[in-house]
Amino acid sequence: MNDLVDRARDLLRGAGHDAHAKRLDSFTGREGVCVRRISPTRVETYMDGTRAVDLAYQAVVRRRSESDAMTECIDIADMLDGADVPSANGSYLFESQEVVAGPQELELDEALFYAWECRVVAHITEC
């Protein structure tokens, strides 16, 4: 498995965001930033076994203040759009990425928290 989500988390942490690469439900009752994979939008397998993948991932900001969640999500989307996120373990070759949705509010079934999210598609070749 590639380390793209972990590398995106590291990029956000380096900018001072409290980012984690975990399942969203692991944040029940807590504030923070969750970076998680969602379904890839394109996968092509080549004869040499490499795969061209448009890998989608999501950054979700959960805060008790709606304004804080929105502002931080906008900052994160600006940071991730066009960012260079190379693999640390050689599991993929990074080509490019862009924000494809958001920042936008994400409905939660949890009182006292607000969530905003953005969705990113990274164009990579898995080795």
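Conventions and cut-offs
- In every chain, residue numbers begin from 1 and rise along the written sequence.
- Thresholds applied to this predicted model are a pLDDT of at least 70 for local features of residues and 80 or more for the giving and counting of side-chain atom pairs; totals over whole chains, interfaces and linings are not thresholded and use all residues.
- Water and hydrogen atoms were dropped before computing side-chain values, which therefore reflect all heavy atoms in the structure.
- In this text, helices come from DSSP runs of H or I with a minimum length of four residues, and strands from runs of E with a minimum of two, each type numbered from the N-terminal end.
- In this description the radius of gyration comes from C-alpha coordinates, and the expected globular size is given by 2.2 Å times residues to the power 0.38.
- Per-residue accessibility, obtained with a 1.4 Å probe over protein chains only, is compared with the maximum for each type, and a residue is labelled buried under 20%, exposed over 50%, and partly exposed between these values.
- Residue contacts are counted whenever heavy atoms from the two residues lie within 4.5 Å of one another.
- Accessible surface area values rest on a Shrake-Rupley calculation with a 1.4 Å probe, where residue burial reflects the displayed protein chains alone.
- Confidence scores labelled pLDDT are given residue by residue by the predictor and lie between 0 and 100.
- Salt-bridge detection follows one rule: a side-chain nitrogen of Lys or Arg within 4 Å of a carboxyl oxygen of Asp or Glu.
- Among the buried residues, those of types Ala, Val, Leu, Ile, Met, Phe, Trp, Tyr and Cys that are joined through side-chain atoms within 4.5 Å form a nonpolar core.
- This arc is taken over the directions from the axis of the helix to the C-beta atoms.
- Nitrogen and oxygen atoms within 3.5 Å of one another constitute a polar contact, given that in protein one can donate a hydrogen and the other can accept it, and given that sequence-neighbouring residues count only through two side-chain atoms.

Peer 1: Would you mind going over the overall build of the protein chain with me for this structure?
Peer 2: The secondary structure content of the protein chain amounts to 2 helices and 6 strands. Going residue by residue from the N terminus, the α and β elements of the protein chain occur as α-β-β-β-β-α-β-β. Relative to the 2.2 N^0.38 estimate, which gives 14 Å for 127 residues, the radius of gyration of the protein chain is 15 Å and therefore close to what a compact globule would have. With respect to the principal axes defined by its C-alpha atoms, the protein chain has extents near 50 × 25 × 20 Å. Residues counted as buried form 43% of the 127 residues belonging to the protein chain. Contacts in the protein chain between residues far apart in sequence, at least 24 positions, make up 61% of those at least 6 positions apart. When the accessible area of the protein chain is evaluated, it comes to approximately 6,600 Å², of which 48% is carbon and sulfur surface.

Peer 1: Would you take a moment to explain the confidence of the model for the protein chain for this structure?
Peer 2: Predicted confidence across the protein chain gives a mean pLDDT of 91, with 99% of residues reaching 70 or more. When pLDDT is averaged over each element of the protein chain, helix α2 (residues 66–80) comes out on top at 97 and strand β3 (residues 42–45) at the bottom at 81.

Peer 1: Where do I start with the pattern of salt bridges in this structure?
Peer 2: Pairs may arise between side chains of opposite charge once their charged atoms sit close together. Throughout the structure, instances matching the rule amount to 6 salt bridges. When the shortest N-O distance is used, the salt bridge between E126 and R51 registers 2.8 Å. Of this pair, E126 sits in strand β6 (residues 114–126) while R51 sits in strand β4 (residues 51–63), and the two are 75 residues apart along the sequence. Under the relative-accessibility criterion, E126 is labelled buried at 14%. Owing to a relative accessible area of 31%, R51 belongs among the partly exposed residues under this scheme. Salt-bridge contacts for E72 lead to R63; the nearest nitrogen and oxygen are separated by 2.8 Å. The class for E72 is buried, based on a relative accessible area of 12%. Using a relative accessible area of 12% as the deciding quantity, one classes R63 as buried.

Peer 1: Mind showing me how you'd approach unusual backbone geometry here?
Peer 2: Comment: phi is negative for the bulk of residues other than glycine, and the bulk of peptide bonds are trans. Residue P103 is reached from G102 by a cis peptide bond, and omega for that bond is 0°. Relative to the assigned elements, P103 resides in strand β5 (residues 92–106).

Peer 1: I would appreciate a short explanation of the side chain of E72 in the present structure.
Peer 2: As for its placement among the helices and strands, E72 is situated in helix α2. Each residue touching E72, except ones within four places of it in the same chain, is listed here: H17, V33, V61 and R63.

Peer 1: How do you make sense of the nonpolar core when you look at a structure like this?
Peer 2: A general feature of soluble globular proteins is that nonpolar side chains tend to end up buried together. Y57 and I76 are the most contacted members of the largest nonpolar core, which totals 26 residues. At the level of secondary structure, the elements contributing two or more residues to this core comprise α1 (4–14), β2 (32–37), β4, α2, β5 and β6.

Peer 1: Would you mind showing me how to read α1 here?
Peer 2: Owing to its 3.6 residues per turn, the α-helix aligns residues three or four sequence positions apart on the same side. Restricting attention to buried positions, one finds in α1 the residues L4, V5, A8, R9 and L12. Down the axis of α1, the smallest arc covering the buried residues is 140°, so these residues share one side. Where α1 is buried, its residues touch β1 (19–20), β2, β4, α2, β5 and β6. Among the residues trailing α1, G16 stands out with phi positive, at a value near 95°.

Peer 1: Please explain the environment of D48 as it appears in this structure.
Peer 2: Turning to its location among the elements, D48 is positioned in the loop between β3 and β4. Within the local environment of D48, its side chain forms a polar contact with the side chain of T50, the two groups lying 2.7 Å apart.

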